[in-house]
Amino acid sequence: MLTENENYNDVQNTEEAHFDVPPSPMLTDWTEENSQKFQKDIMSFGHNLAGTGLFTDEALIDLLERHPSELLDVCTMGAADHPIYPNRFRTGDFRGVSGETLLAAAKAGRVWINVREAMNVHTDYKAALDAMYGELAEKTGNQAFNPRGGILISSPVAKVPYHVDKTETILWHVRGRKRMYLYPRTQKFIPDRAYEATLTNFIDDDLPYDASFDEAATIIDIDENTALSWTLNAPHRVDNQSFCVSVTTEYSTAESGMKNAAMLTNATLRHRLGMNPSYAEDGPAARKVKSFVGRAIRKVGMVPNTTTADMVTFKIDAQADDFIVDTDPYQRTF
């Protein structure tokens, strides 16, 4: 998953763009209602990412071949019957595997691929991202977007676990069909302690999940060429209905930055001093003070780090029926 701590500017790429001029318009059916609901409610709109030619099989194989390995995640889903973290992702080793095999694995097996920061690192995809958010800025009047974008390539049976995004998020679906479950932002569905845990663990956005939560979920089937956005920090999970290709973009806002900094203060108070703070119960003044403190804590490196090692538990093998061969666990270093 993309996180607010990632810095795509660390990766430089000077390759020639494959598609210099993205199709116009990129947003195909934006309405005044969309402008009113943007960032305030669940909403969808059409897009023309497919028209760029960047998401065909041929283009995706090329992308997988040239993308930096440290920004590529190849995963499979764990046991579906885990009582707290069902379908938790497992990390795979894809070294030495061709882009063609990786795409075949995603189409045929239980494989989920995140081409992290692809929309920023590669000039051809960056042109599309700039067009997407240039039009979005015109429609919403928001000129402060700083989007980061990854490309998700996933199997027909892929399930993304119950989790939270720490910044504003838009899912731009390109190929296939997904079913998304969105949940309320109350303490029942996203307790303060659980959200704090995602801020101190830099590779894990998962939240504790109970099947009874689905009774309160808003369920949306997402078709091709449709984008979906929702309110900041709304918990969600995703079930594929077919082989899928999507772009997921995230961007920070003043609201997300303030909340995350305040929650970092609470996480530090909880871990370092044994206190039991509550963002949900804090008033505006307390949140503002904690936000200033949180930014200072982050700057001086006092934020607790609960990130565990990313352990590889399988490798991609073109000879295996489902492209997956289990391995003894070892730490990812690539």
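For the structure, see preceding data.
These remarks concern the structure in this document. (Residues numbered from 1 in each chain as written. Predicted model: local features only at pLDDT ≥ 70, side-chain atom pairs only at ≥ 80, totals over all residues. Heavy atoms only, no water.)

**Let's talk about the sheet that holds strand β4 (residues 111-115)**
Then, number 1: The sheet built from ten strands is open, its strands ordered β1-β10-β7-β12-β5-β4-β2-β3-β13-β14 with mixed pairing. Unpaired on one side and paired on the other, β1 (43-46) and β14 (324-331) mark the two borders of the sheet. The sheet shows a mean angle of 30° between the axes of neighbouring strands, direction not considered.
Then, number 2: Bridge analysis of strand β13 (residues 311-316) against β14 gives five bridges, and the strand direction is antiparallel. Bridging across to β14, M311 finds its partner in Q331.
Then, number 3: The sheet contacts of helix α5 (residues 123-140) involve β5 (148-154), β7 (168-175) and β12 (244-251), and relative to β12 the element is tilted by about 60°. (Pairing = 2+ DSSP bridges. Helix = DSSP H or I, 4+ residues; strand = E, 2+ residues; numbered from the N terminus. Axes fitted to C-alpha atoms, helices over the stretch in contact; angles between N-to-C directions. Contact = heavy atoms within 4.5 Å.)

**Description of the nonpolar core**
Then, number 1: Within the largest apolar cluster, 50 residues are counted, with the highest numbers of intra-cluster contacts made by F55, I113, I151, I153 and W172.
Then, number 2: Among the elements that take part in this core, α5 stands out by supplying eight residues, more than any other.
Then, number 3: Not counting residues up to four positions away in its chain, the partners in contact with W172 are L27, F45, H47, L49, M132, Y133, T226, A227, S246, V247 and T249.
Then, number 4: Counting 19 residues, the second largest nonpolar core, distinct from the first, contains V164, F189, Y195 and L199. (Core = buried A, V, L, I, M, F, W, Y, C linked by side-chain atoms within 4.5 Å. Buried < 20%, exposed > 50% of the residue type's maximum accessible area, 1.4 Å probe, protein only.)

**Overview of the environment of G283**
Then, number 1: With respect to the element layout, G283 can be found in the loop between α7 (254-273) and α8 (284-300).
Then, number 2: For the pair G283 and R179, spaced 104 residues apart in the sequence, the C-alpha separation amounts to 36 Å.

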